[in-house]
Structure formats: structure tokens, C-alpha cells
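Chain by chain, the residues run as shown.
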Amino acid sequence: MLVLAYAHAKFTGSSDLVRSYYPTLLGWAAELAKETLFPVSQVSTDDFEGAQSNYTNLALKGLCGLKAMSLIAGLVGQEADASNYSVSRPKVTRGEPSA
């Protein structure tokens, strides 16, 4: 939904929709930021496997959503949120020692 909301704003040239739904979009982005790196208990089209965790495709889709939120925040003048949700700089650590 974040990617679609950003696409709407970009291709219509109007930020009215994202501005009016900004609090909702921000809530979705907050959930993505919390859950995206390691999606837990997700069901895919391979239902016979049951719920799985750490689906790479879901993590990548989540990162795309976070980038869209960063762009949306920039459109509505929320630069702090734009910086916070930008995926162009590493902020996530896995708790592993660096090499």
C-alpha cells in the first residue's frame, strides 16, 4: 500500500491523498520497520509447508515499502520521517559481530 500511495502521488502530481492518510501510512511503516528484516510466521503460496519465517521476498518487499514511506514523508515535508525511513543508509544490526 505504501508503494501504491507513493505511485499515486508521483503520477498524479498531487500529495493530497498521502497527506490526508499520512498517520495511517506512518503506522504501516512503523510496523514494517519493526518486522521487515526477519518476517515471522508467514504463509506463502506453498501452503503445504505451513507457516515459515524469514522469507527473503517479504523482507525485500518490506524494504521497498520503507523506501516508499521515506519518499512520501519527503513529499509532505516531514524530513525527519523521510530520513528515518530511508533505506539508503544501514541502520539495522543483527546482533552479530562485524568482521
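Above this text you will find the structure in question.
Residues numbered from 1 in each chain as written. Predicted model: local features only at pLDDT ≥ 70, side-chain atom pairs only at ≥ 80, totals over all residues. Heavy atoms only, no water.

A. Summary view of helix α3 (residues 22-35). The first and last C-alpha atoms of α3 sit 20 Å apart over 14 residues, in line with the 20 Å expected at 1.5 Å per residue. Among the residues of α3, those classed as buried are Y22, L25 and A29. On an axial view of α3, the arc spanned by its buried residues comes to 65°, and they lie on one face. The exposed set on the far side of α3, more than 90 degrees from its buried face, consists of P23 and K34. (Helix = DSSP H or I, 4+ residues; strand = E, 2+ residues; numbered from the N terminus. Expected span 1.5 Å × (residues − 1). Buried < 20%, exposed > 50% of the residue type's maximum accessible area, 1.4 Å probe, protein only. Arc of directions from axis to C-beta.)

B. Fine view of helix α1 (residues 2-12). If you check which residues of α1 are buried, you get L2, A5 and A9. Looking down the long axis of α1, one finds its buried residues gathered within 70° of arc, a one-sided arrangement. Set apart from the buried face of α1 by more than 90 degrees, the exposed residues are L4 and F11. Tucked into the core, α1 has its buried residues touching α2 (16-20), α3 and α4 (56-75). The positive-phi residue at the C-terminal boundary of α1 is G13, with phi of around 75°. (Contact = heavy atoms within 4.5 Å.)

C. How the structure looks around a nonpolar patch on the surface. On the surface, a cluster of nonpolar side chains totalling about 370 Å² of accessible area is made up of M1, L4 and W28. Looking at the secondary structure, you find L4 in helix α1. (Patch = residues over 30% accessible without salt bridge, like charges linked within 9 Å, V, L, I, M, F, W, Y side chains within 5 Å. Areas by Shrake-Rupley, 256 points an atom, 1.4 Å probe, with all protein chains shown as cover. Salt bridge = Lys/Arg side-chain N within 4 Å of Asp/Glu carboxyl O.)

D. Local environment of the nonpolar core. Core analysis: the biggest nonpolar cluster contains 15 residues, and L2, V18, Y22, L25, A29, M69 and I72 have the highest contact counts within it. Contributing elements (two or more residues each) for this core: α1, α3 and α4. Here this core gets five residues from one element, more than from any other, and that element is α4. Ignoring anything within four residues of it in the chain, the contact list for M69 reads L2, Y22, L25, L26, A29 and Y85. (Core = buried A, V, L, I, M, F, W, Y, C linked by side-chain atoms within 4.5 Å.)

None of this, on its own, says anything about what the molecule does.
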